[in-house]
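# Observations on the three-dimensional arrangement
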Amino acid sequence: MIRTVQVTRYVTPLREGGSLPAIAEADDGFLYALKFRGAGQGSKALIAELLGGEIARILGFRVPEIVFAELDEAFGRTEPDEEIQDLLRASTGLNLALHYLSGAITFDPVVNKIDADLASRIVWLDCLLTNVDRTVRNTNMLMWHKELWLIDHGASLYFHHNWDNWQEQAVKPFVQVKDHVLLPWAARLEDAESELKVKLTDSVIQRITEQVPDEWLNNKEGVLPADAKKVYAQFLEMRIAASGVFVKEAQDARKRII
Ligand SMILES: Nc1ncnc2c1ncn2[C@@H]1O[C@H](COP(=O)(O)OP(=O)(O)OP(=O)(O)O)[C@@H](O)[C@H]1O
Ligand SMILES: [Mg+2]
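Residues numbered from 1 in each chain as written. Chains lettered and ligands numbered in written order. Predicted model: local features only at pLDDT ≥ 70, side-chain atom pairs only at ≥ 80, totals over all residues.

## Describing unusual backbone geometry
As a rule of thumb, non-glycine residues mostly have phi less than zero, and peptide bonds are mostly trans rather than cis. Note the cut-off: Helix numbers and strand numbers start at the N terminus; a helix is a DSSP run of H or I with at least 4 residues, a strand a run of E with at least 2. Any residue surrounded by 20 or more other C-beta atoms within 10 Å of its C-beta is treated as buried, while 12 or fewer makes it exposed and the intermediate range makes it partly exposed; C-beta atoms here are placed from the backbone.
Unlike most non-glycine residues, His145 shows phi in positive territory, near 50°. Relative to the elements of secondary structure, His145 occurs in the loop between β7 (141–144) and β8 (147–150). For His145, a count of 8 C-beta atoms within 10 Å gives the class exposed. One non-glycine residue with positive phi stands out, namely Asp152, at about 60°. As for its position among the elements, Asp152 is in the loop between β8 and α4 (166–170). Taking the C-beta count within 10 Å as the criterion, Asp152 has 27 such neighbours and is therefore assigned buried.

Written out as structure tokens, the structure is:
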């Protein structure tokens, strides 16, 4: 179950992030990396963050705890920065936050060694999620207490920006895997596939997709929240069933670079 917290304090912007995330404090006393529904990609980025993060967690990766973060309407009225005030105003209601890993540093493949098993499992995950945000320039992985943590799945599942042909997109290879920061180390993709695929049964996928808040699904396409959740579940189920397609693409892309 995903917890819900109340945001009590905007601490500071996370300057690196393209979606204007911030460090914020909540009523449970913890600090969070807060992702706003009012930011550029709107609630779709939060849906991708939630589904991507929770799938990664089920697969055994380290992912900071994800919570729903409620922003009060009055929150931020005293915020002096106008841009931040606008963002807070546009984000009233449920947002998403990740437990803040204080003191974590960005994973750098030159500095941080990674074994073929872990690299292969992460590449497999990102091919499944169609996550374009795990590149050399922006690894979206953190080292914290000498362990690797995955963050930022907000750019995953990009099919949802264009619902029309989702069945077709579900079974497509993920050609952007060629830019994945860990592809050179991902020598054990088939092992990763047989290890991970079995964990993602239809009931696991349904349990995860059901957690998407209805208020994030009130989109312009005129799809009802319950139907949209079914599309996310079916997209993922079809993609898992057809995973051989993206594994092959990743192996081919890897042969071209090593
Ligand atoms: N849970 C966390 N703990 C510690 N630091 C974090 C956490 N989440 C994010 N950060 C830091 O904030 C930065 C921006 O966060 P994140 O990557 O989630 O935002 P984004 O707007 O989606 O970024 P991008 O520019 O990659 O699209 C990260 O690169 C990382 O340095
Ligand atoms: Mg990022």
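Having seen the structure, we can now continue with the description.
## Some words on the sheet that holds β8
Strand pairing in a sheet relies on backbone hydrogen bonds, with the paired strands running either antiparallel or parallel. What counts is decided by this rule: Two strands make a pair as long as DSSP finds a minimum of two bridges between them.
Spatial ordering of the open sheet is given by β6-β7-β8, a layout of 3 strands whose pairing is antiparallel. For this open sheet the edge positions go to β6 (105–106) and β8, each flanked by a neighbour on one side alone.

## Let's talk about the sheet that holds strand β3 (residues 31–35)
To keep it simple, the criterion reads: The axes used here are C-alpha line fits, helices contributing only the stretch in contact, and every angle between their N-to-C directions lies in the interval 0 to 180 degrees. C-beta atoms are placed from the backbone for every residue, and two residues are taken to be in contact when these atoms lie within 7 Å.
With mixed pairing, 5 strands are arranged side by side around a closed barrel as β1-β2-β3-β5-β4. Neighbour to neighbour, the strand axes of the sheet diverge by 55° on average, direction disregarded. In the sheet, strand β2 (residues 22–26) pairs with β3 via 4 bridges, with the strands oriented antiparallel. The residue bridging Glu25 from the neighbouring strand is Leu31, located in β3. Along the sheet face, helix α1 (residues 43–58) touches β3, β4 (66–71) and β5 (93–99) and points at about 40° away from the line of β5.

## Focus: the domain arrangement of the protein chain
Put simply, the rule reads: Note: domain ranges come from an automatic or database domain assignment. Charged means Asp, Glu, Lys or Arg here, nonpolar means Ala, Val, Leu, Ile, Met, Phe, Trp, Tyr, Cys or Pro, and polar covers whatever is left, Gly included.
Per the domain assignment, the segments of the protein chain are domain 1 (4–99) and domain 2 (105–257). Its C-alpha centre places domain 1 at a distance of 21 Å from the equivalent point of domain 2. Tallying the contact residues gives 28 residues for domain 1 and 26 residues for domain 2. When contributions to the side of domain 1 that touches domain 2 are tallied by element, the ones reaching two or more residues are α1 and β5. Examining the composition of the side of domain 1 that touches domain 2, we find that 15 residues originate from one element, α1, more than from any other. Its residues placed into classes, the side of domain 1 that touches domain 2 shows 16 nonpolar, 6 polar and 6 charged.

## Some points on the environment of Phe246
Positionally, Phe246 belongs in helix α8 (residues 243–257). Between the C-alpha atoms of Phe246 and Thr130, which are 116 residues apart in sequence, the distance is 9.7 Å. Phe246 has contacts with Cys127, Pro173 and Phe174, leaving out every residue within four places of it along the chain.

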